[in-house]
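# Observations on the three-dimensional arrangement
For reference, the chains in residue letters:
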Amino acid sequence: MTSPGSERGPRHDLPAARWPDREEATRSLLFSPAPLGRKLVAATRSWVPAMVPWRATEDGLVTDRNVDWYGRFADGRPGVLVVEATGIRDVPSGPLLRIGHDRFIPGLRRLVTEVRRRSAGETRILIQLIDFLGIRRRPRPETFFDRYLVVDQALRQRAAERLGDPDFLRLDEATLRARLAALDEDRLASVLGAREFESLRMGHRERVTDLHLDHVRALPRTLPGLFAAAAARAREAGFDGVELHYAHAYTMASFLSRLNDRSDGYGGSPEGRLRLPLEVFAAVRERVGDDFPVGCRYLGDEVIAGGSRIEDALHYGEAFAAAGMDFLSISKGGKFEDARQPAIGEAAYPYTGPSGQECMPTVRIDERGPFGRNVALAAAIRAALRAAGHATPVVTAGGIATFDLAERILREGSADFVGAARQSLADPDWWRLMAEGRGAEIRRCEFTNYCEGLDQKHKEVTCRLWDRLDLEAAGQLSADGRRRLLPPRR
Ligand SMILES: Cc1cc2nc3c(=O)[nH]c(=O)nc-3n(C[C@H](O)[C@H](O)[C@H](O)COP(=O)(O)O)c2cc1C
Ligand code: SF4
């Protein structure tokens, strides 16, 4: 299963991998310690970035499957393991983890305990805190024209003018809706407002710029408290720190986006766009104290028309570092703005367009290939931070799956931590195997995004390299009974 949009170029072979022996690994930068915040030290510079596995209950509670999933990553003893994007509000959001109420703490504590046990206390465990706005599934056209479309005088006038038919000014509403429903896409595009047309094609999606919506206008008042309370719960559950999710398609990234032209002081200029992210951080810091690591994940490049680019990211990075963030994890793309049209009844998925392919690049992305593709963004941000006198650690990710590449990134000073999401999913033991000089045993990620296809369908995430192996002995299986949920133990 690959996302069709990612089949753009020739298929790249995996790079030849030379694995270190135990002695070389011991001497390497990758397996050397690095500070993370004022007091905490990570035992190595290896990092497993957040990955949603779709294993929580419908109420957002931690399940045994979540505990086993993170325990399995901890077997590989990465320096840092980031728990998936976890919702800060106390509202239903399907089988995604939540941290918007104290009742979520015991389950999260169980997860932390398991990671500590299985990594023998070696892995530092962070949790990614997320807020997202409302998005609806793509409607059936009948439903859209019958129920969602707002018929007002402006619409009547546009229809009359653009279709050259003054009847639209007078038609009764039911007939007008029926006439519009019969139009082809081009005509609809000219008659409906841009947002209405988008709601028909993609499903309605709220934006941070929807100041006519009370709850969106109020975000600068509500979000600092919600993030701060969530971070306090994370601390109580025993996490080593939190990662504020300021990346991809979600609320905080949308505040940072150049597309944010809010007119209330929280958009429209670099300072305006930074204001809420900094206020959220300040509220979190005040609540959890100076000794609890708080960083963020944000975009080095949004990769969408009119969006933020590396110049913006350099400015944001310096502001985050100056405010006292303990690490910056750099990602790329993953936006709704260029997502593919979903099927009727499905919601848009922000990893299907060109920006999404930059976020989780495959072996078919283009002639440059996926390997270490996003390192330059992290390197530029790190260089700007160092030039401004900030020692803030920088994390990079994107197609990193060999020792030599990881080590080169660190030696060249492009980043302080090396993230590997899909390679760690393909083989969570890979860090430990490398450290032990057993690299030849590593199951290597093929970067074809079967896992991402499952995420897109909100199915339990697994890897095609191991999810059909030895099903009888597998223990946990997926809902359809056809896939194992955890890679075999060695
Ligand atoms: C199944 C899946 C789920 C993901 N979920 C998240 C998430 O919750 N938060 C996030 O910041 N990134 C998420 N990502 C992106 C990864 O953290 C990572 O940035 C991306 O896969 C590129 O790194 P890689 O090439 O090492 O996989 C997810 C990726 C995958 C494959
Ligand atoms: S983790 Fe597995 S399923 Fe995902 S891209 Fe790698 S090989 Fe494919």
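It is worth spelling out the overall build of the protein at this point. Broken down by element type, the protein carries 19 helices and ten strands. Over its C-alpha trace the protein gives a radius of gyration of 23 Å, about what one expects of a compact globule, namely 23 Å for 490 residues. Over its C-alpha atoms, taken along the principal directions, the protein stretches across nearly 80 × 50 × 45 Å. Of all 490 residues assigned to the protein, the portion counted as buried reaches 48%. Restricting to contacts in the protein with at least 6 residues of sequence separation, those with at least 24 account for 72%.

Our next topic: the nonpolar core. Across soluble globular proteins, nonpolar side chains show a tendency to be buried alongside one another. Leu129, Phe227, Leu244 and Val418 are the most contacted members of the largest nonpolar core, which totals 117 residues. Sort the elements by how many residues they give to this core and helix 10 (residues 219-237) lands first, with nine residues. For Phe227, the residues in contact, after removing those within four places along its chain, are Ile88, Leu129, Leu244, Val280, Ala283 and Val284.

Of note, Arg77 is a non-glycine position whose phi angle comes to about 55°, a positive value. Checked against the element boundaries, Arg77 lands in the loop between helix 2 (64-75) and strand 4 (80-87). One non-glycine residue, Phe447, lies in positive phi territory at about 55°. Residue position: Phe447 is located in the loop between helix 18 (430-435) and helix 19 (450-456). The buried category is assigned to Phe447, around which 24 C-beta atoms lie within 10 Å.

This paragraph deals with the packing of helix 3 (residues 105-118) against helix 10. Each pair of packed helices can be described by the angle between their axes along with the distance between the axes. Where helix 3 meets helix 10, the closest approach of the two axes is 8 Å, and the angle between their N-to-C directions is 50°. Between helix 3 and helix 10, the crossing angle belongs to the class labelled oblique. The handedness of the crossing between helix 3 and helix 10 is right-handed. Residues Ile105, Leu108, Arg109 and Val112 of helix 3 form the contact with helix 10, whose own contacting residues are Arg233, Glu236 and Ala237.

This part takes up the sheet that holds strand 6 (residues 241-246). Picture the strands of a sheet paired through backbone hydrogen bonds; they go either parallel or antiparallel. In space, the eight strands of this closed barrel follow the order 3-4-5-6-7-8-9-10, with parallel pairing throughout. Direction aside, neighbouring strands of the sheet carry axes that sit 30° apart on average. Bridge count for strand 5 (residues 124-130) against strand 6 is four bridges, and the pairing is parallel. Bridging across to strand 6, Gln128 finds its partner in Glu243. Helix 10 contacts strand 5, strand 6 and strand 7 (294-301) of the sheet and is inclined by roughly 155° relative to strand 5.

Close to ligand 2 lie 13 residues; Arg422, Cys445, Tyr450, Cys451 and Cys463 are nearest. Those elements that place two or more of their residues in the shell around ligand 2 are helix 17 (422-426) and helix 19.

So, on to the environment of Pro487. Note on placement: Pro487 falls in the segment after helix 19. With residues near it in sequence (within four places) discarded, Pro487 still touches Arg72, Asp427, Pro428, Cys463 and Trp466.

Moving on, we come to the environment of Arg464. Among the structural elements, Arg464 can be located in the segment after helix 19. With 16 C-beta atoms packed within 10 Å, Arg464 lands in the partly exposed category. Considering only alpha carbons, one finds Arg464 and Cys445, 19 residues apart in sequence, at a separation of 9.4 Å.

Turning next to the site of ligand 1. The immediate surroundings of ligand 1 are formed by 26 residues, with Pro49, Ala50, Ala85, Ala421 and Arg422 found nearest. Sorting the residues of the shell around ligand 1 by element identifies strand 4, helix 17 and helix 19 as the ones contributing at least two each. In terms of residue count, helix 19 provides more of the shell around ligand 1 than any other element does, three residues in total. For the shell around ligand 1, a count of residues per class yields 14 nonpolar, seven polar and five charged.

Glancing now at helix 13 (residues 310-323). Between its first and last C-alpha, helix 13 extends 20 Å over 14 residues, near the 20 Å set by a 1.5 Å rise per residue. All buried positions along helix 13 are accounted for by Asp312, Ala313, Tyr316, Gly317, Phe320 and Ala321. The buried residues of helix 13 all sit within an arc of 160° when viewed along its axis, so they share a single face. For helix 13, the secondary structure elements touched by its buried residues are helix 11 (251-256), helix 12 (270-288), strand 7, strand 8 (328-332) and helix 15 (375-387). Positive phi shows up at Gly324, right after helix 13, with a value of about 105°.

This brings us to the domain arrangement of the protein. Domains assigned within the protein are domain 1 (4-134 + 235-261 + 285-473) and domain 2 (141-202). If you average the C-alpha positions of domain 1 and of domain 2, the two centres end up 43 Å apart.

With that settled, the discussion passes to the pairing of strand 8. Burial analysis of strand 8 places five of its five residues in the buried class, the great majority of the element. Here strand 8 shows two buried faces, one formed by Leu328, Ile330 and Lys332 and the other by Ser329 and Ser331. Examined bridge by bridge, strand 7 and strand 8 share five bridges and lie parallel to one another. What sits directly across from Arg297, in strand 8, is Ser329. Between the parallel pair strand 7 and strand 8, the chain is carried across by helix 13, and the sense of this crossover is right-handed.

What counts as what
- Residues numbered from 1 in each chain as written.
- Chains lettered and ligands numbered in written order.
- Predicted model: local features only at pLDDT ≥ 70, side-chain atom pairs only at ≥ 80, totals over all residues.
- Helix = DSSP H or I, 4+ residues; strand = E, 2+ residues; numbered from the N terminus.
- Rg over C-alpha atoms; globule rule 2.2 N^0.38 Å.
- Buried ≥ 20, exposed ≤ 12 C-beta atoms within 10 Å, placed from the backbone.
- Contact = placed C-beta atoms within 7 Å.
- Core = buried A, V, L, I, M, F, W, Y, C linked by C-beta atoms within 7 Å.
- Axes fitted to C-alpha atoms, helices over the stretch in contact; angles between N-to-C directions.
- Parallel < 35°, antiparallel > 145°, perpendicular 65-115°, else oblique.
- Left-handed = near helix turned anticlockwise from the far one by under 90°.
- Pairing = 2+ DSSP bridges.
- Near = placed C-beta within 6 Å.
- Nonpolar A, V, L, I, M, F, W, Y, C, P; charged D, E, K, R; others polar.
- Expected span 1.5 Å × (residues − 1).
- Arc of directions from axis to C-beta.
- Domains from an automatic or database assignment.
- Right-handed = clockwise from strand over helix to strand, strands pointing away.

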